[in-house]
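# Structural description and commentary
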Amino acid sequence: MTGTTQTAYVAPAITAPLPPPIAVGGPVGWVRGNLLNSWSNAIVTIVSLYLIWAVAVPLINFLIIDAVWDGAGRADCLPEKVGHSVGACWPFIGAKFSQLVYGFYPWNLHWRVDLTFALGAVLLVPLMIPRAPLKMLNSILFFGVFPIVAFFLLVGGSFGLEHVETRSWGGLLVTLVVAVTGIVVSLPLGILLALGRRSHMPAVQGMCVIFIEFWRGVPLITVLFFATYMLPLFLPNTWTIDALLRVLVGVALFSAAYMAEVVRGGLQAIPRGQFEAASALGLGYWKTMGLIVLPQALRLVIPGIVNNFIGLFKDTTLVLIVSIFDFLGQMRAAFADPNWSTPVTLYTGFAFCGIVYFVFCFSMSRYSLFVERRLNTSHR
Amino acid sequence: MTGEREGPAARPRLAVLYNPKLRGIFYQLVLLAIMVWLGIEFALNAKTNLQAQKIATGFGFLDNTAGFGVNQSLIAYQESDTYGRVFFVGLLNTLVVSAFGIALATAIGFLVGVARLSNNWLIARLAGVYVEVIRNLPLLFQILFWYLAVLGALPAPRNAISVLDGVFLSNRGIAVPRPLFGEGSGLVLAAFAAGIVVTLMLRFWAQARQEKTGQQFPLGCAAAGLILGLPLLVMIAAGFPIGFELPQLRGFNFVGGVTMIPEFTALLIALSTYTAAFIAEIVRSGIQAVSRGQTEAAYSLGLKPGRTMSMVVIPQAMRVIIPPLTSQYLNLTKNSSLAVGIGYPDLFAVFAGTTLNQTGQAIEILAVTMAVYLVISLITSALMNWYNSRLQLVER
Amino acid sequence: MHTTKNETAVEIVAMNKWYGQFHVLRDINLKVGRGERIVICGPSGSGKSTLIRCINRLEEHQKGKIIVDGTELTNDLKKIDEIRSDVGMVFQHFNLFPHLTVLENCTLAPIWVRKMPKKDAEEVARKYLERVRIPEQAMKYPGQLSGGQQQRVAIARALCMEPKIMLFDEPTSALDPEMVKEVLDTMVTLALDGMTMLCVTHEMGFARQVANRVVFMDVGQIVEANEPKEFFAHPQHERTKLFLSQILH
Ligand SMILES: Nc1ncnc2c1ncn2[C@@H]1O[C@H](COP(=O)(O)OP(=O)(O)OP(=O)(O)O)[C@@H](O)[C@H]1O
Ligand SMILES: [Mg+2]
């Protein structure tokens, strides 16, 4: 035994750490470790580099280098005039910009739309910053007061504001109106449905389950058709409902079903002890839910709500199928303009549209991720 | 109202009012009454509205002549056929684009999901970019993009892009060779079937032998040989009975072969690449849900990486992956209804679109259309629940 | 696999390892004889787990040599697989396969690595489950067992490969106190049967009872190594003294 004891080498003193051999650390080591760690990996790296090259170079050429930046009509975006192959024809976007944002909302009344956007942004930004104070007041303002103000501002017809038919709305305005209404209406509806689904009353529970599963089981486009063609038949013929409103009803019902499932997930995450503690304090059902359970559950499902909103935002494009011209719909209509008919019009439109949608959705998904991380760290 | 009378009579009434059970029944009765009232109201309104607009009711229209053409049909169809037949044409088109879409989306999704976990930094990043870009653009936008900007930009058939002189890409669609079954091709198909049967038998045998003697059998190679090699041998022996009919340019379009119309192609590409982005995330999180310790434990027992994957990681990851994967399949099927945006004749486009437009019978048609999607959803979720209950990990 | 009757089970010579820029293991030298039982201890983050995981190549070292059972660890995949099948490892968090029964956990590697007939593999598995005293749990899933039982299954699973060397990485530190004993008892039995063992553990009672040597590590170095009696009675190094005073309360 004493023999083996000698073989263990004991450090005479604590030595200083050494830098790694060059192959491990540094940029060379990083490349070797992450890109070229085997033959197959090296091939994958080369193929990937080629792919990046093949996509990025034409894209940058199209968007920036070969792009036409100013002009007044189609002629300015033709290769004959420009003298080289033409990338994006940005003047086309410039010319159509107001149509893409406001649709055919009267020129002189654009300020009402701008004001609505600004108001929404002012209320939404502090709502999204976790540290901003007065969350409760802020939510009431955004979910309760803002929709009403926005309604009167956009529709007009009272307070001395000129009435604007929803038929002339379009573009980003419609996209945002549909998406925001969808979320604002579906949140309370979804909460009620989620509570109903967990209720102990069989009739209530059954009805909620049927409602939720029905809307989740059919495609949104059938819902829009339902709202457009079927709903008016069910209502007294003295009511004439605006086409946009019909779509809003359909979207709200549809997204309420999805919202209900998101909220239900949050309710399930609240431990039983919370319900029991609230009952022990003598709180009734609605007080327990409203004061104890829902505030916790809703905090948990903020990422889910944001993801729902992203889905809804993307889904608003479907309204173009029932002839309501949202952002994508306006873009599609703009393609048909003979004044701007060039070989690159289509691609310019898709590029711009894609960038706008991506910026909206990507930033929202990052936000949802941020909230999720925050929740994960603050709860553990 | 009970507050006003402080008499003894107030007590029992209070008790009734505050008995949670009775209260519950009361609420439910009220709710039911409202529903019934709404139902009756809707029905009455619908009746007067339909009469006023002179719209027929009932399903008699299904036997009427449709009178419109459809640009893709798997069953024989002409304009003089009935709306009932149009329904099936559309349903089959929905099913066919969904089936191909699901297969493609699964393949791309798994590939991208695994690539995201690759130890090659570059490919992992590329896969991440794919997922982020595709997920954050509306599906309808992507469908229109593929249809108008990509397929629409292909040259006319006369200048079609040819791949190996067998596949032709043009703005009329993608023309691919069609297999021709000559005399003796039955033998080849029989050989193919026999290959599958023998492989299955071999599997049983290999398993039994493994359990007895511990010897392993290279089943993969044997299966490839039997299922692919055997029919090939028979084909050579029978003098190539299966040939291919190549598409050929005649006038302004291709004849021969099979042509995938651009609407189908655009929808298929958009649906499968879009859903693949979601599947990739599901696959990634499924694999990540299997802790690193599992792999390490398998390695420390001397299992090779391939075996570790197939016997330890994948079986566990699949439990996490399959439920959301199924709901993605459902989403894809439902999203195929966006076909109407580019005129691919799926169930929604031909039935809820054209047929509704011609007959005006919104209630019947939308009810049937929604019912079809609902039935598909319900069957899938029933299967899913059954699968989940079978595969639940046993916990304490 | 190797017929040369080697008296050294593991030999580590001037081994160094870095995680990126971080020098985790600095100049490690260690020779473990056949049948020897080594206990490795040291403060958290000192590199104990890393050292033990290098021995079956769950981690790669960058400098120096590791020779296990006469075979040097290099990038040769075949040799790595061979070594891994001869070296058993027990983890802090058990790492049982939750989708397989206890019996299947134990037979998986014998069947696919040792190419044993299923019957024989099951027989071996039952033998070792008997030895860790849970034969009646064979058909259950890991999720149905207590922590102590799970760890004993993990030991049985490693033993089913009939390894020449066993590595333990804090096998008892994820367990409730009342379960620690049942696992330690199993390990003591194993030690008395003559298994070569390297254990990272803070169970000093175990070290006293079975270890031939206790190795103390700090900041990636072996600071002290001695027979347990000497080690506990006369720690040489300041750091060792400090560590022991904290742990022996
Ligand atoms: N995969 C890794 N990447 C980077 N650093 C790592 C990694 N694994 C471990 N380390 C670092 O290496 C050092 C040694 O880790 P190791 O797990 O070997 O410590 P330990 O002695 O086992 O500690 P403990 O008693 O807490 O288990 C720690 O500082 C740790 O942060
Ligand atoms: Mg450790």
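The shown structure was predicted, so the numbers you read here are calculated from the model rather than taken from an experiment.

With that out of the way, let us pick up the overall build of chain B. A count of helices and strands for chain B gives twelve helices and eight strands. The C-alpha radius of gyration computed for chain B amounts to 29 Å, which surpasses the reference 21 Å derived for 396 residues by more than 25%, pointing to a less compact arrangement than a globule. Considering only C-alpha atoms, chain B reaches an extent of 100 × 65 × 45 Å along its principal axes. The buried share of chain B, reckoned over its 396 residues, is 40%. For chain B, restricting intrachain contacts to residue pairs at least 6 apart in sequence, the fraction spanning at least 24 positions comes to 66%. Carbon and sulfur atoms make up 67% of the accessible area of chain B, which amounts to about 20700 Å² in all. In chain B, 26 positive and 17 negative side-chain charges are present, and the distance between their average locations comes to 10 Å.

Here we come to the overall build of chain C. If you tally the helices and strands in chain C, you get nine helices and ten strands. On C-alpha atoms alone, chain C measures out to a radius of gyration of 18 Å, which is about the 18 Å that the 2.2 N^0.38 rule sets for 249 residues. Viewed in the frame of its principal axes, chain C has a C-alpha envelope of about 55 × 45 × 35 Å. Counting across all 249 residues of chain C, residues that qualify as buried make up 61%.

All names here are of chain C. Taken together, Tyr 19, Phe 22, Val 24, Pro 43, Ser 44, Gly 45, Ser 46, Gly 47, Lys 48, Ser 49, Thr 50 and Glu 170 make up all the residues around ligand 1. Interatomic distance of 3.3 Å between a side-chain N/O atom of Tyr 19 and a nitrogen atom of ligand 1. Separating an oxygen atom of ligand 1 from a side-chain N or O atom of Lys 48 is a distance of 2.8 Å. When ligand 1 sits alone it has 630 Å² of accessible area, and the protein chains cover 58% of it. When residues in the shell around ligand 1 are grouped by element, the largest group, three residues, is from helix α1 (residues 48–55). Of the residues belonging to the shell around ligand 1, the class tally is four nonpolar, six polar and two charged.

Moving on: the sheet that holds strand β8 (residues 258–260) of chain B. All names here are of chain B. Strand order in the open sheet formed by four strands is β1-β2-β3-β8, and the pairing between neighbours is antiparallel. The outermost strands of the open sheet, each flanked by one partner alone, are β1 (161–163) and β8. Across the sheet, the axes of successive neighbouring strands diverge by a mean angle of 20 degrees, strand direction being ignored. When β1 meets strand β2 (residues 167–170), the two strands line up antiparallel, connected through three bridges. The residue bridging Ser 162 from the neighbouring strand is Phe 168, located in β2.

Next up on the list: the packing of helix α11 (residues 243–269) of chain A against helix α13 (residues 285–300) of chain A. Residues and elements named next belong to chain A. Close contact between α11 and α13 brings their axes to 8 Å; oriented N to C, the two are set at 120 degrees. Considering only the axes of α11 and α13, their crossing is right-handed. Residues Val 263, Gly 266, Leu 267 and Ala 269 of α11 lie in contact with α13, whose contacting residues are Val 293, Leu 294, Ala 297, Leu 298 and Leu 300. Of the residues contributing to the contact of α11 with α13, the split by class is eight nonpolar, one polar and no charged.

Tallied over the full model, the rule gives 26 salt bridges over all chains. The partner of B:Glu132 in a salt bridge is B:Arg135, and the shortest N-O contact between them spans 3.6 Å. With B:Glu132 and B:Arg135 both in helix α4 (residues 121–135) and three residues apart, this pair spans about one turn of that helix. Note on B:Glu132: relative accessible area 13%, which makes it buried. Accessibility expressed as a relative area gives 22% for B:Arg135, which makes it partly exposed. Across the pair C:Lys164 and C:Asp86 runs a salt bridge whose closest N-O atoms are separated by 3.7 Å. Placement of C:Lys164 in the loop between α5 (147–159) and β7 (165–169) and of C:Asp86 in helix α2 (residues 77–86) is noted, with a sequence separation of 78 residues between them. Shared partners join several salt bridges into a network, and the residues in it are C:Arg34, C:Asp69, C:Asp86, C:Arg114 and C:Lys164.

Looking now at the domain arrangement of chain B. Segmenting chain B into domains produces domain 1 (1–54) and domain 2 (83–177 + 246–391). Relative placement of domain 1 of chain B and domain 2 of chain B: their C-alpha centres are 48 Å apart.

Right, let's talk about the nonpolar core for a bit. Core analysis: the largest hydrophobic core is formed by 160 residues, its most contacted members being A:Tyr105, A:Trp169 and A:Phe225. In this structure A:Phe225 touches A:Met230, A:Ile321, A:Val322, B:Phe348, B:Ala352, B:Gly353, B:Leu356 and B:Leu366, once residues within four positions along its chain are discounted. In terms of nonpolar packing, the next biggest core, distinct from the first, is built from 52 residues, C:Phe168, C:Leu190, C:Cys199 and C:Met204 among them.

Here we take up the packing of aromatic side chains. For the structure on display, the rule yields 38 aromatic pairs over all chains. For the ring pair A:Trp215 and A:Phe226, a centre distance of 5.7 Å and an interplane angle of 70 degrees mean the geometry is edge-to-face. Placement of the pair is A:Trp215 in helix α9 (residues 202–217) and A:Phe226 in helix α10 (residues 220–234), with a sequence separation of eleven residues. Per residue, the accessibility class of A:Trp215 equals that of A:Phe226, and both read buried. Each ring, one from B:Phe100 and one from B:Phe264, has its centre 6.3 Å from the other, and the planes form 85 degrees; the classification is edge-to-face. Here B:Phe264 lies in helix α8 (residues 262–289) and B:Phe100 lies in helix α3 (residues 83–116), a separation of 164 residues in the sequence. Here B:Phe264 falls in the buried class, since its relative accessible area comes to 6%. The ring of C:Phe97 carries C:Arg157 above its face, with NZ or CZ at 4.6 Å from the centroid.

Attention now moves to empty space enclosed by the protein. Residue and element names in this part refer to chain C. In total, this model carries two cavities of 30 Å³ or more according to the counting rule given. In this model, the second largest cavity occupies a volume close to 30 Å³. Around the second largest cavity sit Arg 131, Leu 159, Thr 186, Thr 189 and Leu 190, which together line it. Looking at which element gives the most residues to the lining of the second largest cavity, the answer is helix α6 (residues 177–192), with three residues. Among the residues forming the lining of the second largest cavity, the class breakdown is two nonpolar, two polar and one charged.

Once that is clear, we can look at the side chain of C:Asn16. Residue and element names in this part refer to chain C. Topologically, Asn 16 is positioned in strand β1 (residues 8–19). Polar side-chain contacts of Asn 16 include one of 2.9 Å to the side chain of His 23. If we skip the residues at most four places from it in the chain, Asn 16 touches His 23, Leu 25, Arg 26, Asp 27, His 61, Gln 62 and Lys 63.

On to unusual backbone geometry, then. Residues and elements named next belong to chain C. One non-glycine residue with positive phi stands out, namely Asp 27, at about 55 degrees. Summarising the element assignment, Asp 27 is placed in strand β2 (residues 22–33). Phi angles above zero are rare outside glycine, and Arg 57 is one such case at about 60 degrees. Looking at where Arg 57 falls in the secondary structure, it is placed in the loop between α1 and β4 (63–68).

Across the boundary between the two partners, chain B contributes 51 residues, which contact 56 residues of chain A. In total, about 4700 Å² of surface goes out of reach between chain B and chain A, with carbon and sulfur atoms giving 75% of it. Among the residues of chain B in contact with chain A, B:Asn136, B:Phe141 and B:Met370 are the three that bury the most area, contributing 14% of the side total. Between chain B and chain A we count one salt bridge in total. For A:Arg366, the salt bridge goes to B:Glu132, with nearest N and O atoms at 3.2 Å. Joining chain B to chain A, the criterion identifies 16 residue pairs in polar contact (both at pLDDT 80 or more). Those elements giving two or more residues to the side of chain B that touches chain A turn out to be α2 (20–53), α4, α5 (139–151), α8, α11 (347–359) and α12 (362–391) of chain B. Per element, the largest residue contribution to the side of chain B that touches chain A is 13 residues, and it comes from α2(B). Across the side of chain B that touches chain A, the residue classes tally to 34 nonpolar, 13 polar and four charged.

A few words on α9(A). Taking 1.5 Å of rise per residue, 16 residues should cover 22 Å, and α9(A) covers 22 Å from first to last C-alpha, within 8% of that figure. Buried residues of α9(A): A:Ala203, A:Val204, A:Cys208, A:Ile212, A:Trp215 and A:Gly217, and no others.

Bringing the environment of A:Ile212 into the picture now. Residues and elements named next belong to chain A. With respect to the helices and strands, Ile 212 occurs in helix α9. Sequence separation between Ile 212 and Arg 197 is 15 residues; the distance between their C-alpha atoms is 8.9 Å. Excluding anything up to four places from it in sequence, Ile 212 contacts Leu 193, Arg 197, Ala 257, Ala 260 and Glu 261.

Reading the values: rules and limits
Residues numbered from 1 in each chain as written. Chains lettered and ligands numbered in written order. Predicted model: local features only at pLDDT ≥ 70, side-chain atom pairs only at ≥ 80, totals over all residues. Heavy atoms only, no water. Helix = DSSP H or I, 4+ residues; strand = E, 2+ residues; numbered from the N terminus. Rg over C-alpha atoms; globule rule 2.2 N^0.38 Å. Buried < 20%, exposed > 50% of the residue type's maximum accessible area, 1.4 Å probe, protein only. Contact = heavy atoms within 4.5 Å. Areas by Shrake-Rupley, 256 points an atom, 1.4 Å probe, with all protein chains shown as cover. Lys, Arg positive; Asp, Glu negative; His and termini not counted. Charge placed at Lys NZ, Arg CZ, Asp CG, Glu CD. Near = heavy atom within 4 Å. Polar contact = N/O pair within 3.5 Å; in protein donor to acceptor, adjacent residues only side chain to side chain. Nonpolar A, V, L, I, M, F, W, Y, C, P; charged D, E, K, R; others polar. Pairing = 2+ DSSP bridges. Axes fitted to C-alpha atoms, helices over the stretch in contact; angles between N-to-C directions. Left-handed = near helix turned anticlockwise from the far one by under 90°. Salt bridge = Lys/Arg side-chain N within 4 Å of Asp/Glu carboxyl O. Domains from an automatic or database assignment. Core = buried A, V, L, I, M, F, W, Y, C linked by side-chain atoms within 4.5 Å. Phe/Tyr/Trp six-rings, centres within 6.5 Å; stacked < 30°, edge-to-face > 60°. Lys NZ or Arg CZ within 6 Å of the ring centre and 35° of its normal. 1 Å grid on protein atoms, 1.4 Å probe; cavity = no way out; pocket = protein on both sides within 12 Å on 5 of 7 lines; lining within 4 Å. Points joined across faces, edges and corners; volume = space filled by probe spheres on them. Buried area = accessible area lost by both parts, 1.4 Å probe. Expected span 1.5 Å × (residues − 1).

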